[in-house]
Structure formats: structure tokens, C-alpha cells
Amino acid sequence: MQQCMKNRLTWLLVAVIAFDFGITLLGQPSSYWHDSHTANEGNPVFAWFMIHGIVSYAAFILAYIISAAVLVRILPRQIGITIGLVFLLSHYFAASTWLDFHFKLNMIGPIIYAAVLSMALLTILQSGPSAVCSTAGEHRERVH
């Protein structure tokens, strides 16, 4: 059951990171789509990929999301969940800055996003094992 919770948290992490990267792209100036050197990104690593074009940035995004998910999944449970929450909260904050400053939602955007994220986390923490998780757990117990 605990492994299934870690799996669900990993999928939530993937969604939060993808939302951050997606809102970053939506927040780019119209000039970005013709001249990638006009990218607007505060993180110098992410900005480097953005100025090298959308294909470079998309490949980086994909590699970054896969790497974060794999890292969280392969680490021992408590360390993996802790690292996952660091990624999740960092990308929540990053997306919130776009919601507040660029999209002019002031604090209402980050508050609504926090409420949605909190409900998703509570659902994960309160949910029992799904049929898939139960079947997989029973299979592992029989094998070992």
C-alpha cells in the first residue's frame, strides 16, 4: 500500500512540474516564438534551454520530468517522498509566480492552485490501495 501511495505522489509531482513548464511557455512574450533569445525565465538553467529553442526546451522538460519521477521512485520511501515534496513545492512556487506576476491573478491564483494541490494530496493520503495496487502487492508477496 505504501508503494502505491508513493506512485500516486509521483504522478502528482509529474503533473505539477508539467504545469509549471506549461505555464512558463504560456507566459513567454510573443517574440519568443520567432526569436528564442527573448525568453523570459528566471532560472538560468531552464533559460539556457529556452534560448536554444522550443525543441531544446521540450527535450529538456521531458528529460527533467522523467529524471525527477525516476529519482523519487527509486529512492527509499521516506527520502523519495521528501525529495518529491521538495520538487513539488519548488514547482508549485515557480508556477505561482507566473500566476501572480505575469497573468495578474495576484494572490488568488496561487491560493486556488494551493487549494487544488492540497485536495489532490489529501485524496492520495486518504485513499486506500486500488485494485491494481492490491493485486500487485499480493503478487509480490506470493513471489517473495
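The present account deals with the structure reproduced in this document.

So, how was this worked out
- Residues numbered from 1 in each chain as written.
- Predicted model: local features only at pLDDT ≥ 70, side-chain atom pairs only at ≥ 80, totals over all residues.
- Heavy atoms only, no water.
- Phe/Tyr/Trp six-rings, centres within 6.5 Å; stacked < 30°, edge-to-face > 60°.
- Helix = DSSP H or I, 4+ residues; strand = E, 2+ residues; numbered from the N terminus.
- Buried < 20%, exposed > 50% of the residue type's maximum accessible area, 1.4 Å probe, protein only.
- Expected span 1.5 Å × (residues − 1).
- Arc of directions from axis to C-beta.
- Patch = residues over 30% accessible without salt bridge, like charges linked within 9 Å, V, L, I, M, F, W, Y side chains within 5 Å.
- Areas by Shrake-Rupley, 256 points an atom, 1.4 Å probe, with all protein chains shown as cover.
- Salt bridge = Lys/Arg side-chain N within 4 Å of Asp/Glu carboxyl O.
- 1 Å grid on protein atoms, 1.4 Å probe; cavity = no way out; pocket = protein on both sides within 12 Å on 5 of 7 lines; lining within 4 Å.
- Points joined across faces, edges and corners; volume = space filled by probe spheres on them.
- Nonpolar A, V, L, I, M, F, W, Y, C, P; charged D, E, K, R; others polar.

Across all of its chains, the model carries twelve aromatic pairs by this definition. On the numbers, 5.9 Å between centres and 90° between planes, the contact of phenylalanine 21 with tyrosine 57 is edge-to-face. One end of the pair, phenylalanine 21, is in helix 1 (residues 2-26); the other, tyrosine 57, is in helix 3 (residues 54-74), with 36 residues separating them in the sequence. In this structure phenylalanine 21 comes out as buried when scored by relative accessible area, which is 2%. Ring centres 5.1 Å apart and planes at 40° place the aromatic pair tyrosine 92 and tyrosine 113 in the tilted group. With a gap of 21 residues between them, tyrosine 92 in helix 4 (residues 77-102) and tyrosine 113 in helix 5 (residues 108-126) connect regions that are remote in the sequence. Tyrosine 92 sits in the buried class, given a relative accessible area of 18%. With relative accessibility at 11%, the residue tyrosine 113 sits in the buried group. Taken together, Phe21, Phe46, Trp48, Phe49, Tyr57, Phe60, Tyr64 and Phe87 form an aromatic cluster joined through their ring pairs.

Here we take up unusual backbone geometry. Here the phi dihedral of lysine 104 falls at roughly 55°; this positive angle occurs in a residue that is not glycine. Within the secondary structure, lysine 104 sits in the loop between helix 4 and helix 5. Judged by its relative accessible area of 61%, lysine 104 is exposed. Positive phi is not limited to glycine here, since asparagine 106 has a value of about 50°.

Our next topic: helix 3. Look at helix 3: 30 Å from first C-alpha to last across 21 residues, which is about the 30 Å you get at 1.5 Å a residue. Taken as a whole, helix 3 has its buried residues at Tyr57, Phe60, Ile61, Tyr64, Ile65, Ala68, Ala69 and Val72. Summarising the axial view, the buried residues of helix 3 lie within an arc of 155°, below the 170-degree limit, and thus occupy one face. Of the residues in helix 3, the exposed ones pointing more than 90 degrees away from the buried face are Val55, Leu62 and Ile74.

A contiguous nonpolar patch, built from Leu26, Phe103, Leu105, Ile108, Ile112, Val116 and Met119 and spanning about 670 Å² of accessible area, is present on the exposed surface. Here the element with the most residues in the nonpolar patch is helix 5; it accounts for four residues. With respect to the element layout, methionine 119 can be found in helix 5.

For the rest of this paragraph, the subject is empty space enclosed by the protein. Counting across every chain of the model gives one cavity of 30 Å³ or more. Counted as a void, the largest cavity has a volume near 50 Å³. If you go around the largest cavity, the residues you meet are Leu9, Thr10, Leu13, Val72, Gly80, Ile81, Gly84, Leu85 and Leu88. At the level of secondary structure, the elements contributing two or more residues to the lining of the largest cavity comprise helix 1 and helix 4. Per-element tally for the lining of the largest cavity: the top contributor is helix 4, with five residues. When its residues are assigned to classes, the lining of the largest cavity shows six nonpolar, three polar and no charged.

Here serine 90 lies in helix 4. Taking the relative accessible area as the measure of exposure, serine 90 reaches 41% and is therefore partly exposed. Remark: the alpha-carbon pair of serine 90 and isoleucine 17, spanning 73 residues in sequence, is separated by 8.9 Å.

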